[in-house]
Amino acid sequence: MAAEDYKVIDLEVSGMTCASCAARIQKKLNKMDGVQASVNYATERAHVVTSEGVGVDDLIGVVQKTGYDARIPDPEAKPVDRAAQIRRRLIVAVMLGVPLIAISMVPVLQFPGWQWAALALATPVVFWCGLGFHRSALVNLRHGATTMDTLISLGTFSSYLFSLYALVFGGAGMIGMKHEWTLSLSRDHALQNIYFEASAAIIMFILLGRYIEARSRQDASDALRALMDVGAKAVTVVRDGKQVVVPIEALNVGDEFVVKPGEQVATDGEVVSGISAVDNSVITGESVPVEVRPGSKVVGSAVNASGRLVVRATAVGSDTQLAQIAHLVEVAQTGKSATQDLANKISGVFVPIVIGLSLLTLIVWLLNGADASFAIASAVSVLIISCPCALGLATPTALLAGSLRGSRLGILIRGPQALEEARKVTTIVLDKTGTITTGVMAVSGVSAADGVVQSELMKIAAALESGSSHPIAEAIVAKAGEGKHADELTDVPGRGVSGLVDGKTAAAGNAAFMFDLGLVADASLQAQADEFAQRGASLVFVAHDSRVLGVIGVSDEVADGSVKAIDELKRMGLKTVMLTGDGQATAERVAGEVGVDEVRAQVLPGDKFDVIKALQDSGDHVAMVGDGVNDAAALAQADLGISMGGGTDAAIAASDLTLMRHDLELAVDAIKLSRRTQRTIIGNLVWAFGYNVLAIPIAALGYLNPMIAGAAMAFSSVFVVTNSLRLRGFNPSNA
């Protein structure tokens with residue numbers, strides 16, 4: 001089916017309480033014909049690619065049948081404060097649970113009839129504070145599924161009902177009964193012991209973990225909303241020669257608007273009049289203002305630092321760079337990596353296995369002669385300690401933190417796959433022009449004949465080149481400035497330009513053009529020209545009044561930071577390869593200046609893809625950095641495509657990482673951030689999975705009190721979230 005037959009739908013999913021919920025919804029959606037869905041528990045979003053025959057109502061219907069709810073996100077709607085909802089129940093759980101735990105664990109506080117007070121304190125905690133867990137467990141049970149909430153509900157009800165039974169039908173209800181608190185269980189338990197404090201503590205600790213999770217996700221969402229809220233709310237539009245202040249929503253493409261010093265640029269546009277410096281840090285992460293003049297592009301939310309500007313809007317609303325960046329960050333978080341898919345699969349099968357192990361623990365202990373209270377407590381501990389919440393949070397929380405840190409550094413991570421690929425990269429291929437070099441031609445050398453003043457030479461050349469938009473001509477004009485005027489200009493394609501300067505014939509062009517005009521440079525001037533050429537410069541000979549006055553060398557200079565960046569890439573163990581369509585001499589000069597390991601010169605645009613493919617076939621895991629439309633195919637073929645933000649839309653669309661300013665050092669930072677984020681994910685998974693594997697046997701053998709099991713499980717989730725949040729302080733210079 002053609003690409004245009006597909007559409008992308010983003011849904012906001014509510015009712016999920018753990019990663020198993022997300023895995024179940026995703027599985028149900030993907031069973032629909034023509035649907036590819038990715039559901040993320042951390043962002044509470046479903047990213048769906050579907051055929052035209054499947055509509056939003058169909059997708060929402062499947063989610064609702066699965067036991068949850070979904071809707072199209074409303075950007076204007078006030079976000080639901082999940083953390084506040086959890087906080088209310090957590091406060092009640094703490095107010096009732098703390099005194100309950102105190103009287104249950106400290107014998108001196110156990111007044112006559114304390115156990116009946118414990119029942120009164122535990123009941124609202126189990127039934128109201130834990131209502132969300134029980135409701136989720138029932139919803140999933142109706143659909144024949146189990147989730148982490150199933151374990152929590154079973155664990156708390158088991159300990160609560162057992163304690164209630166011991167209180168009413170056993171000896172635990174006798175006035176004056178006391179029991180000691182221990183970390184582990186004792187095999188001589190009888191029906192005189194109760195575990196109300198375990199039920200309450202489990203819910204209290206897990207609510208605390210959920211609250212911290214909700215706050216971390218909310219902080220990430222707030223940062224994303226803050227990115228969108230930095231834009232101007234009103235704009236001064238020029239209409240019928242008058243300036244009118246209108247809401248930003250009333251601005252249309254093509255409108256001209258005024259940006260005064262200190263104001264934000266209302267939307268993406270092109271400068272019509274005025275010269276100023278603008279601060280693009282909101283987009284690029286670079287705090288140094290950039291000079292703009294008529295014809296320069298400006299981005300919405302940039303700050304005008306000095307002069308007054310009149311700008312013509314070229315994009316508004318969701319089409320602006322800022323809106324697209326926010327969307328990319330959000331989509332990147334919704335994506336799934338192979339690591340995350342593995343975690344979700346483990347989480348999906350883990351719950352029924354744990355329930356089976358819990359039942360087995362109960363049966364084995366009863367068969368071995370343990371009393372019912374010990375057997376039930378051991379089984380409950382297995383249920384609680386095994387909750388795979390941390391396993392499901394390991395990837396999405398790290399991806400959230402890493403993506404947002406990247407956006408603040410000026411790095412856009414298109415998806416989680418980029419993180420995995422960055423970890424594997426062994427070779428990095430760098431396009432020369434516009435990546436290693438500035439991509440802007442500049443005068444690199446001037447040599448004048450005997451008796452000729454260099455400034456005079458440049459002014460004659462600038463007068464001839466002033467009418468051309470060729471990069472070499474623009475470089476000469478920029479260097480010389482204004483000063484002379486040329487008449488009767490004649491452009492000779494592939495050769496140069498001729499005309500009258502100061503009433504005398506003048507010409508500027510290559511050596512072949514001078515030969516056509518019957519002009520020859522003197523020996524010293526030719527020797528200097530040869531030296532410029534050896535350094536990779538393009539040559540422009542300048543003649544006036546039938547004499548060659550001098551030669552100008554124009555070249556694409558190495559960008560600031562390229563040498564340091566390539567040195568750092570090599571220090572990281574990556575092989576560096578430079579690709580260029582230039583001749584071997586020019587390529588070798590640039591390669592020697594920046595220190596790349598390997599040079600591929602005279603590579604045609606269509607051959608870049610083949611070079612990447614050949615490196616991959618030889619066993620290399622390849623990253624490609626480029627910025628032009630000719631790089632798009634190579635960027636897409638590379639295992640990790642990195643585009644410079646100043647490049648073309650095609651290059652950016654084909655890449656995995658986008659650098660929002662022209663700085664090769666940012667590519668180094670991007671790989672470092674990707675590697676650090678991936679290491680964080682792996683560390684989270686090792687902790688979460690290892691914790692469960694080690695803790696289950698301890699609980700099954702009766703060495704873990706159910707209350708301590710609940711606290712340990714909640715701590716595991718909190719550890720994973722806080723470990724991921726450390727990425728928010730990632731500093732590339734220290735990595």
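Above this text sits the structure in question.
Residues numbered from 1 in each chain as written. Predicted model: local features only at pLDDT ≥ 70, side-chain atom pairs only at ≥ 80, totals over all residues. Heavy atoms only, no water.

**Side note on the pairing of strand β13 (residues 309–313)**
Right, on to step 1. Most of β13 is tucked away, with four of its five residues classed as buried.
Right, on to step 2. The sheet contact formed by strand β7 (residues 256–259) and β13 spans four bridges and is antiparallel. Its bridge partner lying in β13, Val 258 is registered against Val 310. (Buried < 20%, exposed > 50% of the residue type's maximum accessible area, 1.4 Å probe, protein only. Helix = DSSP H or I, 4+ residues; strand = E, 2+ residues; numbered from the N terminus. Pairing = 2+ DSSP bridges.)

**Digging into the sheet that holds strand β17 (residues 486–492)**
Right, on to step 1. Spatially, the six strands line up as an open sheet ordered β16-β21-β20-β19-β18-β17, and their pairing is antiparallel. Each edge of the open sheet is held by one strand with a lone partner, namely β16 (437–448) and β17. When the angles between neighbouring strand axes are averaged without regard to direction, this sheet yields 20°.
Right, on to step 2. Inspection of the sheet shows strand β19 (residues 504–509) paired to strand β20 (residues 538–544) by four bridges, in the antiparallel sense. Counterpart to Ala 507 in the pairing with β20 is Ala 543.
Right, on to step 3. Taken strand by strand, helix α16 (residues 471–480) contacts β16, β20 and β21 (548–558), and its axis lies near 60° from that of β16.
Right, on to step 4. Across the sheet, helix α18 (residues 523–534) lies against β16, β20 and β21, angled at about 10° from β21, the strand it touches most. (Axes fitted to C-alpha atoms, helices over the stretch in contact; angles between N-to-C directions. Contact = heavy atoms within 4.5 Å.)

**Observations regarding the pattern of salt bridges**
Right, on to step 1. This model, assessed by the stated rule, comprises 17 salt bridges.
Right, on to step 2. With a closest N to O distance of 3.8 Å, Lys 504 and Asp 545 form a salt bridge. Highlighted residues: Lys 504 in strand β19 and Asp 545 in the loop between β20 and β21, separated in sequence by 41 residues.
Right, on to step 3. Accessibility expressed as a relative area gives 40% for Lys 504, which makes it partly exposed.
Right, on to step 4. For Asp 545, a relative accessible area of 44% gives the class partly exposed.
Right, on to step 5. Among the charged side chains, a salt-bridge network with shared partners connects Lys 575, Glu 598, Arg 600 and Asp 620. (Salt bridge = Lys/Arg side-chain N within 4 Å of Asp/Glu carboxyl O.)

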